[in-house]
Amino acid sequence: MPTWLEAGLWGLVGGAALVLGAAVAWFVRVPAKIIAGIMAFGAGVLISALAFELVDEAVREGGAVATAVGFLAGAVVYVAANALLDRHGARHRKRSGEQQPSENDQPGSGAAIAIGALLDGIPESVVLGVSLIGGGGVGTAVLAAIFISNVPEGLSSAAGMKRAGRSARYVFGVWGGIALISGLAALIGYVTLDGVSPAVLAVITAVAAGAILAMLADTMIPEAFEQAHVLTGLITGLGFLTALAVHLSGG
């Protein structure tokens, strides 16, 4: 199988976890505290992957200064784009309760939520594509972290969409579309960055890592803390250790 196609398929696998989570939320009434706990676990998994896979690799290949600049740039771009979307109704797109506005409450919020969900997923997909550059296989720990964290993202957000009165066509259209775009983003990331210097790859990886961490702080962790409260830190820590175990076993 051509590597560019493999990159696209792995991106699609990561994005499919969002559809899986959305399906669970649509057909099963999951208690809010369970959703929050799963969200906290997923946040811990992603934080671990950022620390031991993405940032560590970026520092080794591109140096600490380039990594820091790229990381900060990724966080700034994400926060700026997220702030713009927040003004159009996407602020609570990962909330499972009644925080999400309906289209009647705020016209255009449906499109903003969809774009916001896409914004959250693109950096992860690019990282998957980049991990195949150089002839190695996909980064197992990163793939596992993205898949594990995407399930609660889709679950929580879809539960909120359902409470806001969104239709099944909208919910599964959003997540199905994002899964396909995730595959395309991984494919494009591989094709466009294959052959560039390790230093450039390191900066791109750092940019994605900064955007992912900003996403966690802005969307996933608030939802987890709102319901799980005192247990949030413990569950997040368990997610962190789980991803660390995957990293060590893969190394």
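Parameters and conventions
Residues numbered from 1 in each chain as written. Predicted model: local features only at pLDDT ≥ 70, side-chain atom pairs only at ≥ 80, totals over all residues. Heavy atoms only, no water. Helix = DSSP H or I, 4+ residues; strand = E, 2+ residues; numbered from the N terminus. Rg over C-alpha atoms; globule rule 2.2 N^0.38 Å. Buried < 20%, exposed > 50% of the residue type's maximum accessible area, 1.4 Å probe, protein only. Areas by Shrake-Rupley, 256 points an atom, 1.4 Å probe, with all protein chains shown as cover. Lys, Arg positive; Asp, Glu negative; His and termini not counted. Charge placed at Lys NZ, Arg CZ, Asp CG, Glu CD. UniProt positions renumbered as here; feature names shortened; annotations may be inferred. Salt bridge = Lys/Arg side-chain N within 4 Å of Asp/Glu carboxyl O. Expected span 1.5 Å × (residues − 1). Bend = angle between axes of the 7 residues up to and from the residue. Contact = heavy atoms within 4.5 Å. Core = buried A, V, L, I, M, F, W, Y, C linked by side-chain atoms within 4.5 Å. Phe/Tyr/Trp six-rings, centres within 6.5 Å; stacked < 30°, edge-to-face > 60°. Lys NZ or Arg CZ within 6 Å of the ring centre and 35° of its normal.

## Some words on the overall build of the chain
Okay, step 1: Regarding its fold elements, the chain presents eight helices and zero strands.
Okay, step 2: Listing the helices and strands of the chain from first to last along the sequence gives α-α-α-α-α-α-α-α.
Okay, step 3: Taking 2.2 N^0.38 as the reference for a compact globule, 251 residues should give roughly 18 Å; the C-alpha atoms of the chain span a radius of gyration of 17 Å, in line with that estimate.
Okay, step 4: The dimensions of the chain, computed from C-alpha atoms along their principal axes, are 50 × 35 × 35 Å.
Okay, step 5: Residues classed as buried in the chain amount to 47% of the 251 residues present.
Okay, step 6: When the accessible surface of the chain is summed, it comes to about 10900 Å², and 71% of that surface belongs to carbon and sulfur atoms.
Okay, step 7: One finds the centroid of the 12 positive side-chain charges in the chain at a distance of 12 Å from the centroid of its 16 negative side-chain charges.

## A short note on the UniProt feature "transmembrane region" (unreviewed entry) in the chain
Okay, step 1: What UniProt calls "transmembrane region" (unreviewed entry) maps, in this numbering, to residues 7-28, 34-52, 64-85, 126-149, 170-193, 199-217 and 229-248.
Okay, step 2: Between the end C-alpha atoms of residues 170-193 there is a gap of 33 Å, over a span that is 100% helix and 0% strand.
Okay, step 3: Helix makes up 85% of residues 229-248 and strand 0%, and the two end C-alpha atoms of the span are 30 Å apart.

## Structural notes on the pattern of salt bridges
Okay, step 1: With the rule as written, the count across this model stands at two salt bridges.
Okay, step 2: Residues Arg60 and Asp56 are paired through a salt bridge, measuring 3.2 Å at the closest nitrogen-oxygen approach. Of the two residues, Arg60 and Asp56 both sit in helix α2 (residues 32-62), four residues apart, roughly one turn of that helix.
Okay, step 3: In this structure, Glu57 and Arg60 form a salt bridge, with 2.9 Å as the shortest nitrogen-oxygen distance. Here the residue Glu57 and the residue Arg60 both occupy positions in helix α2, the gap between them amounting to three residues, near one helical turn.
Okay, step 4: Overall, the relative accessible area of 55% leaves Arg60 in the exposed class.

## A word on α2
One turn of an α-helix holds 3.6 residues; hence residues three or four places apart share an orientation.
Okay, step 1: Over its 31 residues, α2 runs 42 Å from end to end, which matches the ideal 45 Å to within 8%, given 1.5 Å per residue.
Okay, step 2: Of all the bends in α2, the greatest measures close to 40 degrees and is centred on Leu50.
Okay, step 3: Positioned one or two residues after α2, Gly63 has a phi angle of 95 degrees, which is positive.

## A look at the side chain of Thr236
Okay, step 1: Here Thr236 shows up in helix α8 (residues 232-250).
Okay, step 2: Looking at Thr236, the relative accessible area reads 16%, which means it is buried.
Okay, step 3: Apart from residues lying up to four places away in sequence, Thr236 is in contact with Ala40, Ala43, Gly44 and Ile47.

## What about the nonpolar core?
Okay, step 1: Within the largest apolar cluster, 36 residues are counted, with the highest numbers of intra-cluster contacts made by Leu46, Leu54 and Met220.
Okay, step 2: Broken down by secondary-structure element, the contributors of at least two residues to this core are α2, α3 (64-90), α4 (109-130), α5 (140-163), α6 (168-193), α7 (198-228) and α8.
Okay, step 3: Among the elements that make up this core, the one with the highest residue count is α7 (10 residues).
Okay, step 4: In this structure, Leu46 is in contact with Glu124, Ala145, Ile146, Ser149, Ile212, Met215, Leu216 and Met220, ignoring residues within four places of it in sequence.
Okay, step 5: Listed in part, the 16 residues of the second largest apolar core include Ile35, Leu155, Ala158 and Ile178.

## Section: the packing of aromatic side chains
Okay, step 1: Counting across every chain of the model gives three aromatic pairs.
Okay, step 2: Across the ring face of Trp26, the terminal group of Lys162 is positioned such that the distance to the ring centre comes to 5.1 Å.
Okay, step 3: If you follow Arg166 out to its NZ or CZ, it ends over the ring of Tyr170, 5.2 Å from the centre.

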